[in-house]
Amino acid sequence: MQKHQHLLPIFVSLCAAFALIDEVDGEYLIGVGSYDMTGPAAGVNMMGYANIDQNTAGIHFRLRARTFIVAESSQGARFAFVNLDAGMASQLVTIKVLQRLKTRLGDLYTQENLAISGTHTHAGPAGYLQYVVYSVTSLGFINQTFDAIVTAIEQSIIQAHNNLKPGSIFLNTGDVENAGINRSPSAYLFNPPEERARYTTNVDTTMTLLKLLDSASNRSIGAFSWFATHGTSMSRENRLISGDNKGAAARFLEDWFTFSNNSLSTRNTKFSTIQNISTLRNKAQKIKATGGKPCGKTTSQGFKVRKNDGSSFVGAFCQSNVGDVTPNVLGAFCTDTGKPCDFNHSSCNGNDQLCVGRGPGYPNEILSTKIIGERQFEKAVELFSSATNPLSGKIDYRHAFINFTSIEVQLNESTVVKTCPAAVGAGFAAGTTDGPGVFGFQQGDTEINEMWKRLRDLLKEPSQYQIDCQKPKPVLLSTGEMFVPYAWAPAILPIQILRLGNFVILSVPGEFTTMAGRRLREAVKETLINNGNGEFDNETHVVIAGLTNTYSQYIATFEEYKQQRYEAASTLYGPHTLSAYIQEFKKLAKAMATGEQLGGTGLSPPDLSSVQLSLLQDPLGDSPPPGKRFGDMQQDVAQPKGGSFKKGDKPSATFFSANPRYDLLIEGTFAVVEMLQGERWVPVYDDDDFCLFFKWNVTVDNGSLYGLATVEWEVPEDATSGVYRLRHFGSSKKTKDYPNEYFTGASSAFTVS
């Protein structure tokens, strides 16, 4: 757990802020919820980089669905906002969640007033989106990933709903320093100079935070913030499930408020000191590994340091107009020369694969994730401690399904244009500085060589209409015209506006670039003010919630589209995509401002669950070697030369283990660090901690495959001196020879001084 001692002055001011807030009856009913959504941790492709070789092999820290609900009364207007530690939302996930909620709660939460938004981590399991282009590298649909996400969303919403109580919500904003830079600065320069002159930076640095306060106890129950930076601190080579920088920020914030207000005795009690470390070392030497033992299905849940009883503080770091914003803030450099990449194409002598962005902890991606997470976390604590602007006013929402493949857009009095069927260009294949793509492509390519055209046409030759409509994008894949074995890309998209007094959330199903997001926010705000009869004013605050309710890739400005860097090449519906969004959102905004209830468009996205293909192989590593049990040691902790581990050391142990896909241990843990207190072992760190790593792989011995789980602990600076051991939990495949499905084992003891 990160103590962040340097933030003590902020925490003091936070406590003072609590004291200054008067008791209030509560403007709204508010509730928060959180649930584990960590998917399969072995052999499943990760969503984000489209790297077919990037398959899960353990857990950095767990993924969660975090929800806040706000309502005017028990039966009054309300909405629910869900933040996922996932690459993006999925239309199929939304469909199934709504079906479950209807069964449990009727029509309280519908597509109109439920928003499900992804943080855009690139280190979560794939296979939960229903369109072909998003499941190629995952070898199709993966039910286990999908079910984990759907169940977590459902449970977090139910938890928040059951927790509804009178409360108040406070709004605050501030700038986050050095947590994101523009990864396509040459494209940004295509925007009009007079427009760019209005802004001091080529990325949005504003964080917007809501503080949720329970009126009865006058204590906060949560904080949700929006800030734009990509979830790509963890590289395309990473194999550990991770919430990346936003998930890290959430873990740091929740731990800060939980452990600072209710000190966890096992982490704060000075059980031992350096003076008696020799005695402890002698004691540790006598405590050997336990060997594998059977345990219950929920045993690991009892070893969790953070038990989810529904009463914990929930802190969420939501995504915004992130399209061209990278957390790799040191810039992009060529891996062969160390020199900066080409400015216009982000390549190195024409090779896109050699141009890679560097995070602030370069070359340590875990450190980069931590640093960017901390920068968001620290700003959130500061904004939380000084938030004194209460929100008041009505709750409202508007939602529409739009067929984005053929929208007529009125640009001016005399010009009407149309959007196009979905397609990606050559720059899409080039990838980005966060994750380079296919050799032979560069960002900014406006031509495709004949070899790639022939390969493209084997899949689907784009129509002449599509080629003309998408110009200047050269159509690499006409995904909107591809329907075998089922649709390759979405056509019908949801757009949504949520209102909480003078705070407005725009739910967008994709990644807006910085300037595209600015234009959308301004257009909606202006529409609200001009049509709201004084109900909205310049103090109205509008945020974009990116990657929400479904996913349709990128939205670049018309000007950025001309250069055809990655973001423009991934703007599916042609050069006028942003104009279409602005037009359609203005319709929703006007309806909200005037109180008009829009009739349905008659459109709804398809449910493709019945036609999904899945080519993922069954798990490997079904049994331990002869004479061994799951949970037995394959490699015990190697005792250090000095007799004790120091802060920053990495004791580790490897266990014979079954594939973690046999049970995800939801709200449980695969790995635990235990500390000896008297005669009792007490869990002090689990696989939700930033310092503890669970890694799984397969080894070959005499022609047989055996699973191995490695538990690695990076001893944090605030660890108490004492006796520790590493424990592993898992689940084996039920067979006649192995009736005990769940198992555990612990390493030999060791000391930390």
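Everything below is about the structure printed above this text.
Now for a look at the structure at hand.

Here is what the cut-offs are and how they apply
- Residues numbered from 1 in each chain as written.
- Predicted model: local features only at pLDDT ≥ 70, side-chain atom pairs only at ≥ 80, totals over all residues.
- Heavy atoms only, no water.
- Helix = DSSP H or I, 4+ residues; strand = E, 2+ residues; numbered from the N terminus.
- Rg over C-alpha atoms; globule rule 2.2 N^0.38 Å.
- Buried < 20%, exposed > 50% of the residue type's maximum accessible area, 1.4 Å probe, protein only.
- Contact = heavy atoms within 4.5 Å.
- Lys, Arg positive; Asp, Glu negative; His and termini not counted.
- Charge placed at Lys NZ, Arg CZ, Asp CG, Glu CD.
- Pairing = 2+ DSSP bridges.
- 1 Å grid on protein atoms, 1.4 Å probe; cavity = no way out; pocket = protein on both sides within 12 Å on 5 of 7 lines; lining within 4 Å.
- Points joined across faces, edges and corners; volume = space filled by probe spheres on them.
- Nonpolar A, V, L, I, M, F, W, Y, C, P; charged D, E, K, R; others polar.
- Patch = residues over 30% accessible without salt bridge, like charges linked within 9 Å, V, L, I, M, F, W, Y side chains within 5 Å.
- Areas by Shrake-Rupley, 256 points an atom, 1.4 Å probe, with all protein chains shown as cover.
- Salt bridge = Lys/Arg side-chain N within 4 Å of Asp/Glu carboxyl O.
- Polar contact = N/O pair within 3.5 Å; in protein donor to acceptor, adjacent residues only side chain to side chain.

### Comments concerning the overall build of the protein chain
Right, so step 1: The secondary structure content of the protein chain amounts to 17 helices and 36 strands.
Right, so step 2: Taken against the 2.2 N^0.38 rule, which gives 27 Å for 753 residues, the C-alpha radius of gyration of the protein chain at 26 Å falls within 12% of a compact globule.
Right, so step 3: When the 753 residues of the protein chain are sorted by exposure, 62% land in the buried category.
Right, so step 4: For the protein chain, the share of sequence-separated contacts (at least 6 apart) that also reach a separation of at least 24 residues comes to 79%.
Right, so step 5: Side-chain charges in the protein chain split into 68 positive and 74 negative, and the spacing between the mean points of these groups amounts to 6 Å.

### Remarks on the pairing of strand β24 (residues 503-507)
Right, so step 1: The buried count for β24 comes to five of five residues, which makes it a mostly enclosed element.
Right, so step 2: Of the two faces of β24, both are covered, the one formed by Phe 503, Ile 505 and Ser 507 as well as the one formed by Val 504 and Leu 506.
Right, so step 3: Pairing geometry for strand β23 (residues 492-500) and β24, over five bridges, is antiparallel. The residue bridging Leu 500 from the neighbouring strand is Phe 503, located in β24.
Right, so step 4: From the end of β23 to the start of β24, which pair antiparallel, there are two residues, and Gly 501 there has a positive phi angle of about 65°.
Right, so step 5: Here β24 pairs with strand β26 (residues 541-545) via five bridges, running parallel. Its bridge partner lying in β26, Val 504 is registered against Val 542.

### Comments concerning the environment of Leu 726
Right, so step 1: You can see Leu 726 is positioned in strand β34 (residues 722-731).
Right, so step 2: Owing to a relative accessible area of 0%, Leu 726 belongs among the buried residues under this scheme.
Right, so step 3: The spacing of Leu 726 and Ala 746 is 20 residues in sequence and 5.6 Å in space, taken between C-alpha atoms.

### Brief notes about the sheet that holds strand β33 (residues 704-713)
Right, so step 1: Read across the sheet, seven strands follow the order β7-β2-β3-β32-β33-β29-β28 without closing on themselves; strand pairing throughout is antiparallel. Two strands close off the open sheet at either side, each with one partner strand: β7 (124-125) and β28 (633-635).

### Concerning empty space enclosed by the protein
Right, so step 1: Inspection of every chain in the model, using the stated rule, returns four cavities of 30 Å³ or more.
Right, so step 2: Considering only enclosed or pocket space, the largest cavity measures out at about 60 Å³ in volume.
Right, so step 3: Each residue belonging to the lining of the largest cavity can be placed in one class, and the counts come to six nonpolar, four polar and one charged.
Right, so step 4: For the second largest cavity, the calculated volume is near 50 Å³.
Right, so step 5: What lines the second largest cavity is Ser 184, Ala 187, Asp 324, Thr 513, Ala 556, Glu 560, Glu 567 and Ala 568.

### Topic: a nonpolar patch on the surface
Right, so step 1: Taken together, Leu 620, Val 698, Val 700 and Leu 705 make up a surface patch of nonpolar side chains, about 310 Å² in accessible area.
Right, so step 2: Take Val 698: its relative accessible area is 31%, and that puts it in the partly exposed class.

### A short note on the pairing of strand β10 (residues 206-214)
Right, so step 1: Summarising burial for β10: eight of the nine residues are buried, a large majority.
Right, so step 2: Of the strand pairs in this sheet, strand β8 (residues 165-175) and β10 are connected by nine bridges, and their pairing is antiparallel. The partner of Gly 167 across the bridge, within β10, is Asp 214.
Right, so step 3: Direction of pairing for β10 relative to strand β11 (residues 219-226): antiparallel, over a ladder of seven bridges. What sits directly across from Lys 211, in β11, is Ala 223.
Right, so step 4: Counting the residues between successive antiparallel strands, the hairpin from β10 to β11 contains four residues, one of them, Asn 218, with a positive phi of roughly 55°.

### A short note on the pattern of salt bridges
Close approach of charged atoms allows side chains with opposite charge to pair.
Right, so step 1: Summed over the entire model, instances satisfying the criterion amount to 38 salt bridges.
Right, so step 2: Here Asp 36 and Arg 62 are joined by a salt bridge, their closest N and O atoms 2.7 Å apart. Here Arg 62 lies in the loop between β3 (55-59) and β4 (64-71) and Asp 36 lies in strand β1 (residues 28-36), a separation of 26 residues in the sequence.
Right, so step 3: For Asp 36, a relative accessible area of 1% gives the class buried.
Right, so step 4: On the accessibility criterion, Arg 62 (2% relative accessible area) is buried.
Right, so step 5: With a closest N to O distance of 3.1 Å, Asp 85 and Arg 66 form a salt bridge.

### Overview of the side chain of His 122
Right, so step 1: With respect to the helices and strands, the residue His 122 is situated in the loop between β6 (114-118) and β7.
Right, so step 2: Residue class for His 122 comes out buried when judged on its relative accessible area of 6%.
Right, so step 3: Side-chain polar atoms of His 122 contact the backbone oxygen of His 120, separated by 3.0 Å.
Right, so step 4: Setting aside chain neighbours within four positions, we find His 122 in contact with Met 46, Met 47, Gly 48, Tyr 49, Gln 54, His 230, Gly 231 and Thr 232.

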